[in-house]
Amino acid sequence: MATQPQLTASVKDQVSEEEWAQRCDLAVAYRLVAHFGWDDLIFTHLSARVPGPDAHFLINPFGLMFEEITASSLVKVDLKGNLVMPSEYFINPAGFIIHSAVHAAREDAHCVLHTHSVAGVAVSAQKKGLLPISQIALNIFNDVAYHDYEGIALNPEEKERLIAHMGARNTLILRNHGLLTAGGSVAEAFVRLFFIQKACEIQIAAQAGGEVEHLSQDMCDLVARQSAGGFAGVAPMSWAPLKRKVERLYPDYSF
């Protein structure tokens, strides 16, 4: 296991119990993204709202790989990306453009995850995007939105268009760029990311094998009804064993 960069002290005693729990959950998500190979060096971001009345958020310190992220190293910022708690790290402005847009517009989006996985970017580059060719895909198919590529996310004016395209949906394919999911908790956003990532992997594998069978819109609607509210229920059940996996393999995440 890699040696992690160490802070001078844990911040556990400097934050509320609720914030520490959120920090630990988000650190688990970072370790899982790295474990599954969905990370991209020090790029892409996972963020979560700090519980409480203030619009404060946790996001990764720029310069650390996902396998190095700990609960204490997460940086706390406001909606403009300003530090609201001292940190020896800073954040990537391009990453926060995307995350702050979703957090500001969607109060239900307590967690936002964004990746550049190979399969995710591959599907984002395909003209028809995600295809209804697997049960995994159908679980999220009617909840997927698309946002056209506008270059590296450095322009604050892109926020309005991104949010308009996302609407009330919780899965966004950033064309020629990658994947984004939102949820009412880290667990919900992560399980949704797992589904879209798996659907993309299946799609690329199926296309490599020849012509694929597209399921009908009626079938998409049926599975959507069968899965209604499923993430809220399945996420906690899936999250508990995922956390146990991280605790076994990467116990330093909770530093």
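Residues numbered from 1 in each chain as written. Predicted model: local features only at pLDDT ≥ 70, side-chain atom pairs only at ≥ 80, totals over all residues. Heavy atoms only, no water.

(A) Spatial organisation of the state of the cysteines. Enumeration over the complete set of coordinates arrives at zero disulfides. No disulfide involves C24; its sulfur sits 14 Å from that of C111, the nearest cysteine. Left unpaired, C220 is separated from the closest cysteine sulfur, that of C200, by 15 Å. (Disulfide = S-S within 2.5 Å.)

(B) Highlighting the pairing of strand β4 (residues 111-115). Among the five residues that make up β4, five are buried, leaving the element largely enclosed by the rest of the structure. Where burial is concerned, the two faces of β4 agree: the one with C111, L113 and T115 and the one with V112 and H114 are both buried. Pairing of β4 with strand β7 (residues 178-183) involves five bridges; the strand directions are antiparallel. Among the inter-strand pairings, V112 is bridged to a residue of β7, identified as A182. (Buried < 20%, exposed > 50% of the residue type's maximum accessible area, 1.4 Å probe, protein only. Helix = DSSP H or I, 4+ residues; strand = E, 2+ residues; numbered from the N terminus. Pairing = 2+ DSSP bridges.)

(C) Just the packing of helix α1 (residues 17-35) against helix α6 (residues 186-208), in detail. One way to put it is that α1 packs onto α6 with a least axis distance of 10 Å and a crossing angle of 15°. As far as their axial angle goes, α6 and α1 are roughly parallel. Of the two elements, α1 crosses α6, and the hand of that crossing is right-handed. Side by side, α1 and α6 meet where Q22, D25, L26, A29, L32 and V33 of the first sit next to V186, F190 and L193 of the second. Along the lines of polarity and charge, the residues of the contact of α1 with α6 split into seven nonpolar, one polar and one charged. (Axes fitted to C-alpha atoms, helices over the stretch in contact; angles between N-to-C directions. Parallel < 35°, antiparallel > 145°, perpendicular 65-115°, else oblique. Left-handed = near helix turned anticlockwise from the far one by under 90°. Contact = heavy atoms within 4.5 Å. Nonpolar A, V, L, I, M, F, W, Y, C, P; charged D, E, K, R; others polar.)

(D) Highlighting the environment of R106. Secondary-structure assignment places R106 in the loop between α2 (93-105) and β4. Here R106 falls in the buried class, since its relative accessible area comes to 8%. Considered as a pair, R106 and A182 are 76 residues apart in the sequence and their alpha carbons are 9.2 Å apart. For R106, the residues in contact, after removing those within four places along its chain, are M166, G167, A168, R169 and N170.

(E) Structural context of the layout of surface pockets. Size it by volume and the largest pocket reaches roughly 230 Å³. Lining the largest pocket we find 16 residues, and of these A94, H116, I152, A153 and H177 sit closest to its centre. Looking at which element gives the most residues to the lining of the largest pocket, the answer is α2, with three residues. A class-by-class count of the residues in the lining of the largest pocket yields seven nonpolar, nine polar and no charged. (1 Å grid on protein atoms, 1.4 Å probe; cavity = no way out; pocket = protein on both sides within 12 Å on 5 of 7 lines; lining within 4 Å. Points joined across faces, edges and corners; volume = space filled by probe spheres on them.)

(F) Layout of the nonpolar core. Formed by 60 residues in total, the largest nonpolar core has its most connected members in Y30, L46, L130, F190, I196 and W239. By size, the runner-up hydrophobic cluster in this structure holds 13 residues, among which are A109, V112, A145 and L174. (Core = buried A, V, L, I, M, F, W, Y, C linked by side-chain atoms within 4.5 Å.)

(G) Molecular detail of empty space enclosed by the protein. Counting across every chain of the model gives one cavity of 30 Å³ or more. Roughly 60 Å³ of internal volume is contained in the largest cavity. Lining the largest cavity, in full, are I98, H147, D148, Y149, E150, G151, A153, E158, L174, R175 and H177. Looking at the lining of the largest cavity, its residues break down into four nonpolar, three polar and four charged.

(H) Molecular detail of the sheet that holds strand β2 (residues 57-59). An order of β3-β2-β1-β4-β7-β6-β5 is seen for the seven strands of this open sheet, with the pairing classed as mixed. The sheet terminates laterally at β3 (75-77) and β5 (144-147), the two strands that pair on one side only. The average angle at which neighbouring strand axes cross in this sheet is 20°, direction not considered. Packed onto the sheet, helix α5 (residues 158-166) meets β5, β6 (171-174) and β7 and runs at close to 150° relative to β5. Across the sheet, α6 lies against β1 (45-49), β4, β6 and β7, angled at about 150° from β7, the strand it touches most.

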